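# Chain and residue survey
The primary structure of each chain is shown beneath.
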Amino acid sequence: MWPDNRIRDLFGIEVPIIQAPMAGSVLSDMVVAVSEAGGLGSLPCALLSLEQARKELETIRRKTARPINTNFFCHQPPRDDPAREVGWRRRLEAYYIELGLDSKTGVPSSSRAPFDNKMCDLVMEFHPEVVSFHFGLPDKNLLARVRRAGAKIISSATCVDEARWLEDQGCDSIVAQGYEAGGHRGMFLTEDVATQVGTMALVPQIVDAVKVPVIAAGGIADARGIAACASSKSRASLK
Ligand SMILES: Cc1cc2nc3c(=O)[nH]c(=O)nc-3n(C[C@H](O)[C@H](O)[C@H](O)COP(=O)(O)O)c2cc1C
């Protein structure tokens with residue numbers, strides 16, 4: 001028996017499993033499959049154009065009436081910084097030479113777009129039950145619009161300070177994203193990797209620090225990992 005029903009009640013889902021949004025790897029078919037199975041399917045939109053996101057959302061809404069999550073990045077797009085570029089090129093030069101690579105090759109530009117008014121219009125149109133953010137939250141006006149659309153709002157925290165910050169901004173739930181999390185983690189209050197701990201250490205720390213329900217992410221690969229996270233009740237309720 002699952003010990004805590006808050007996530008199921010909050011999102012209106014049957015099983016407390018949230019499919020990880022993975023930009024570049026997940027489209028409508030996986031979202032539909034997970035939501036139809038009783039979990040929360042998540043559409044990552046950071047790499048999608050407005051038209052692609054609309055197409056995926058139309059497909060999802062046509063194929064399932066169950067709750068879904070749409071996921072967006074809130075990062076600051078990188079600025080050109082010639083001094084920094086010279087620095088890292090100098091530092092890595094020996095490796096370029098060793099591997100026979102051209103150290104003058106241009107830097108690929110990022111196609112990851114942060115959440116903006118146009119994507120927010122899409123949220124207002126398709127009314128996803130949950131909207132999740134990565135790398136913090138959008139500005140207050142955008143966040144208020146998402147809330148007016150009726151969505152529950154979540155974001156990921158990689159340390160206790162980030163979790164407290166997200167709760168203060170009104171998040172309904174927080175993803176505790178441990179060091180093991182694949183691809184990348186959504187650090188946003190610090191760039192210091194020394195603040196980053198593993199999932200099994202992070203989840204109880206965040207559960208103790210916030211009142212909203214916490215979602216564990218990072219290196220959970222089977223039922224034993226799920227059971228380990230589920231046992232992470234707040235210290236107060238253990239007394
Ligand atoms: C390929 C890949 C892409 C990802 N893209 C996103 C994304 O677009 N948005 C997001 O919030 N998290 C993203 N993540 C993080 C996942 O949602 C999740 O937190 C993480 O994968 C959990 O760790 P695990 O892979 O060890 O299970 C991505 C992870 C991977 C592996």
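Below is a short write-up of the structure. Numbers given for residues are sequential positions, taken from 1 along each chain in its written order. At least 70 in pLDDT is required for a residue's local features to be given in this predicted model, at least 80 for side-chain atom pairs to be given and counted, and no such filter applies to totals for whole chains, interfaces and linings, which use all residues. Based on all heavy atoms of the structure, the side-chain values leave hydrogens and waters out of the count.

## Details of the packing of aromatic side chains
To pair, rings of Phe, Tyr and Trp, with the six-membered ring standing in for Trp, must have centres within 6.5 Å; the planes then decide the type, stacked if under 30 degrees apart, edge-to-face if over 60, and tilted in the middle. Tallied over the entire structure, the rule returns five aromatic pairs. Taken together, a centroid distance of 6.3 Å and an interplanar angle of 35° make the contact between F72 and F133 tilted. Note that F72 is positioned in strand β2 (residues 68–73) and F133 in strand β3 (residues 130–134), a separation of 61 residues in sequence. Here the term buried applies to any residue with accessible area under 20% of the maximum for its type, exposed to any over 50%, and partly exposed to those in between, with areas from a 1.4 Å probe on protein chains only. The class for F133 is buried, based on a relative accessible area of 2%. Taking the centre distance of 5.2 Å and the plane angle of 65° together, the rings of F115 and F133 count as edge-to-face. Highlighted residues: F115 in the loop between α4 (82–98) and α5 (117–126) and F133 in strand β3, separated in sequence by 18 residues. No difference in accessibility class separates F115 from F133, as the two residues are buried. Among the aromatic residues, those joined into a cluster by ring pairs are F72, F115 and F133. Each helix is a run of H or I in the DSSP string that is no shorter than four residues. Each strand is a run of E no shorter than two, and both are numbered from the N terminus.

## Some words on the site of the ligand
Proximity is defined per residue: if any heavy atom of the residue lies within 4 Å of a molecule or strand, that residue is considered near it. Taken together, 18 residues lie near the ligand, and P21, A23, N71, Q177 and G219 sit nearest. Residues adjacent in sequence count toward polar contacts only when both atoms are side-chain atoms; beyond that, a polar contact is any pair of N or O atoms within 3.5 Å, and within protein one must be able to donate a hydrogen and the other to accept it. In the environment of the ligand, a nitrogen atom lies 2.8 Å from a nitrogen or oxygen atom belonging to the side chain of N71. In the environment of the ligand, an oxygen atom lies 3.2 Å from a nitrogen or oxygen atom belonging to the backbone of G182. In isolation the ligand has 600 Å² of accessible area, and contact with the protein removes 78% of it. Residue classes follow a fixed rule: Ala, Val, Leu, Ile, Met, Phe, Trp, Tyr, Cys and Pro count as nonpolar, while Asp, Glu, Lys and Arg count as charged, and any other residue, Gly among them, counts as polar. Classifying every residue of the shell around the ligand by side-chain character gives eight nonpolar, nine polar and one charged. Residue-level accessible areas treat just the shown protein chains as cover; the underlying method is Shrake-Rupley with a 1.4 Å probe.

In short, shape yes, function no, at least from these values alone.
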